[in-house]
Amino acid sequence: MLVFWEHGYEGAGLSTLTRAMGISTTSMYAAFGNKEELFRKVLERYTEGPSAYLARALEEPTAREVAGAILAGTVRTTTRPAHPAGCLGVQGALAVSDSGQAVRDLLAAWRNDGCTRVRERFQRAVEEGDLPPETDPGLLARYVTTLAFGIAVQAASGVDREELRAMADAALGNWPIRP
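Rules behind the numbers
- Residues numbered from 1 in each chain as written.
- Predicted model: local features only at pLDDT ≥ 70, side-chain atom pairs only at ≥ 80, totals over all residues.
- Heavy atoms only, no water.
- Helix = DSSP H or I, 4+ residues; strand = E, 2+ residues; numbered from the N terminus.
- Buried < 20%, exposed > 50% of the residue type's maximum accessible area, 1.4 Å probe, protein only.
- Contact = heavy atoms within 4.5 Å.
- Areas by Shrake-Rupley, 256 points an atom, 1.4 Å probe, with all protein chains shown as cover.
- Phe/Tyr/Trp six-rings, centres within 6.5 Å; stacked < 30°, edge-to-face > 60°.
- UniProt positions renumbered as here; feature names shortened; annotations may be inferred.
- Expected span 1.5 Å × (residues − 1).
- Polar contact = N/O pair within 3.5 Å; in protein donor to acceptor, adjacent residues only side chain to side chain.

As recorded in an unreviewed UniProt entry, the protein goes by TetR family transcriptional regulator and comes from Streptomyces alkaliphilus.

Here's what the structure looks like:
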C-alpha cells in the first residue's frame, strides 16, 4: 500500500512492489493476477485503514461536524510522518497513461463514491433541519470533498499540517447556518 501511495500506480514498479511484499514476481501474479488487481486490493485496504475516517465522519451528529471530521481526517492522514504525504486516491492516478485508464476510472469512481456518501448525509441534514432548507446537498458535498482532495494535493506538495488545519478552519467558517 505504501509503495502505491508514495509512487502512484504507474510509478510503482513490480520490483519495488514485490520487494516491499517480500515475494517474487511469480508469487505476486499468482496471488493477485496482475498489478491492477493488486492495486484494487490496496485501495480496499486504504479505504478500510487510513481513509476510514470518512465512514466515521459520516456518523457525526451534525453536518458541520461531518465536514469538520472529514477535513480533520484528511489533514491527519495526508500529513502523517510515517506515511507518504498526500492521498493514495488522489496521488495514485495523477500521472497515469492510457494503459492505466482502468485505474484512473477506478479512482474517479472511488472519489465520487465518497462524495455521494457525503451528499446523502447532507441531504439527511437538510431533511432533519440541521442545514437550511435552501442548501444544495450535492454542491455542499462537492465543496467539502474537493477541499479534502485539495488538502491532499497540498500535503503532497509539502504544505505543513498546521497550515492545512488553518485552511480547513477557514473553509468551515463559511458553513451554512440554520435559520
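Undergrad: Which parts of the structure should I look at to understand the overall build of the protein?
TA: Within the protein, the regular secondary structure consists of 10 helices and 0 strands. In the protein, the succession of α and β elements from N to C terminus is α-α-α-α-α-α-α-α-α-α. Projecting the C-alpha coordinates of the protein onto the three principal axes gives extents of approximately 60 × 30 × 25 Å. In the protein, buried positions account for 41% of the 179 residues. Relative to all contacts within the protein whose residues are 6 or more apart in sequence, the contacts with residues 24 or more apart total 65%. Counting every atom, the protein has about 9,200 Å² of accessible surface; 51% of that belongs to carbon and sulfur.

Undergrad: Before we go on, may I ask you to explain the environment of methionine 1 in this structure?
TA: Structurally, methionine 1 can be placed in the segment before α1 (2-11). Given a relative accessible area of 22%, methionine 1 falls into the partly exposed group. Put simply, methionine 1 and alanine 152 are 151 residues apart on the chain and 17 Å apart in space, counted from C-alpha to C-alpha. When residues no more than four places from it in sequence are discounted, the contact partners of methionine 1 are Val42, Arg45, Tyr46 and Pro50.

Undergrad: Where do I start with the packing of aromatic side chains in this structure?
TA: By convention here, two paired aromatic rings are described through the distance between centres and the angle between planes. If you walk through the whole model with that rule in mind, you get 6 aromatic pairs. Ring geometry for phenylalanine 4 and tyrosine 9: centres 6.1 Å apart, planes at 10°, overall stacked. With respect to class, phenylalanine 4 is no different from tyrosine 9; both count as buried. Ring plane angle 80° and centroid distance 5.0 Å describe the contact between tryptophan 5 and tyrosine 46, whose orientation is recorded as edge-to-face. Of the two residues, tryptophan 5 is situated in helix α1 and tyrosine 46 in helix α4 (residues 35-48); the sequence distance between them amounts to 41 residues.

Undergrad: Explain the UniProt feature "domain: HTH tetR-type" (unreviewed entry) in the protein here, please?
TA: The feature "domain: HTH tetR-type" (unreviewed entry), as annotated in UniProt, sits at residues 1-50 in this numbering. Here residues 1-50 is 80% helix and 0% strand, with 10 Å between the C-alpha atoms at its ends.

Undergrad: Sorry if this is basic, but what is going on with α4 here?
TA: Between its first and last C-alpha atoms α4 spans 20 Å; for 14 residues at 1.5 Å apiece the expected length is 20 Å, and the two agree. Residues of α4 that are buried in the fold lie against α1, α2 (14-21), α3 (25-32), α6 (63-78), α7 (88-91) and α8 (101-127). Sitting at the amino-terminal end of α4 is asparagine 34, which places a side-chain oxygen 3.1 Å from the backbone nitrogen of glutamate 36.

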